[in-house]
Amino acid sequence: MKLLFYVVIFAVAAFSVNKYYLSGKIDSEALTVADVIVSYPVNIFDFKQTMADYAHHLCYKNEDVLSYQDISARECVNNHDDRKPDCESRIFRLAPLNLKTKEEVIDYSKQYTQCTLPYKYIMG
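Residues numbered from 1 in each chain as written. Predicted model: local features only at pLDDT ≥ 70, side-chain atom pairs only at ≥ 80, totals over all residues. Heavy atoms only, no water.

Draft legend 1. Geometry of the overall build of the protein. Of regular secondary structure, the protein possesses 5 helices and 2 strands. Along the chain direction, N to C, the helices and strands of the protein fall in the order α-β-α-α-α-β-α. Residue burial in the protein is summarised as follows: out of 124 residues, 32% are buried. In the structure as shown, the protein presents an accessible area of about 8000 Å², 59% of it carried by carbon and sulfur atoms. (Helix = DSSP H or I, 4+ residues; strand = E, 2+ residues; numbered from the N terminus. Buried < 20%, exposed > 50% of the residue type's maximum accessible area, 1.4 Å probe, protein only. Areas by Shrake-Rupley, 256 points an atom, 1.4 Å probe, with all protein chains shown as cover.)

Draft legend 2. Just the pattern of salt bridges, in detail. All told, the structure shown has 1 salt bridge when counted by the stated rule. The residue R90 makes a salt bridge to D86 at a minimum N-O spacing of 3.4 Å. With R90 and D86 both in helix α4 (residues 73-91), this residue pair falls 4 residues apart, about one helical turn. (Salt bridge = Lys/Arg side-chain N within 4 Å of Asp/Glu carboxyl O.)

Draft legend 3. Examining unusual backbone geometry more closely. We note that D70 has phi near 60 degrees; this positive angle belongs to a residue other than glycine. Note that D70 resides in the loop between α3 (63-68) and α4.

Draft legend 4. Layout of the confidence of the model for the protein. Residues of the protein with pLDDT of at least 70 account for 69%, and the chain-wide mean is 78. The weakest mean pLDDT in the protein belongs to helix α1 (residues 2-36) at 50; the strongest belongs to α4 at 94. Contacts of residues 15-30 to residues separated by more than four positions or lying in other chains number 20 contacts, the stretch itself having pLDDT below 50. (pLDDT = per-residue confidence, 0-100. Contact = heavy atoms within 4.5 Å.)

Draft legend 5. Focus on the nonpolar core. Counting residues in each nonpolar core, the largest one holds 26 residues, and the members touching the most others are F47, C76 and F92. For this core, the elements supplying multiple residues, two or more each, are α2 (44-61), α4 and α5 (102-116). With 8 residues, the top contributor of residues to this core is α2. (Core = buried A, V, L, I, M, F, W, Y, C linked by side-chain atoms within 4.5 Å.)

Draft legend 6. Seen up close, the packing of α2 against α5. It is at 11 Å that the axes of α2 and α5 come closest, and there the two elements cross at 50 degrees. As the angle between them shows, α2 and α5 are arranged oblique. Every pair of crossing elements has a handedness; the one defined by α2 and α5 is right-handed. Within the contact between the two elements, α2 uses F47, M51, A52 and L58 and α5 uses V105, Y108, S109, Y112 and T113. Of the residues belonging to the contact of α2 with α5, the class tally is 7 nonpolar, 2 polar and no charged. (Axes fitted to C-alpha atoms, helices over the stretch in contact; angles between N-to-C directions. Parallel < 35°, antiparallel > 145°, perpendicular 65-115°, else oblique. Left-handed = near helix turned anticlockwise from the far one by under 90°. Nonpolar A, V, L, I, M, F, W, Y, C, P; charged D, E, K, R; others polar.)

Draft legend 7. Summary view of α4. Of all the bends found along α4, the most pronounced is centred on K84 and spans about 45 degrees, while P85, a proline, follows it within four residues. All buried positions along α4 are accounted for by A73, C76, V77, H80, C87, E88 and I91. Close packing links the buried residues of α4 with α2, α3 and α5. (Bend = angle between axes of the 7 residues up to and from the residue.)

Rendered as structure tokens:
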């Protein structure tokens, strides 16, 4: 009975850490991109290049996290490069030539990162 109680407590704790701590960090990754941009409007072509560079940075910065998922940083970068054309055409297809607000930058950066780097717990 004690064992069952401890297992339930552990499961609730693990769920809470995942939901409140790790997911909060995932949301903060897009803010890092928005913080790099200092002036608005942002040209969409410059933004695409910034996002590609940022995705490569995320792969190398989160090498330990990726290794737990049996993915090397090099595989992450290659996967990004393979997905980049398709993701750019889907995400930026109807985007304006200039992103005028920080909210637009955050929205597009989240979409791009989720499309090109679909790994759990990869953070900025």
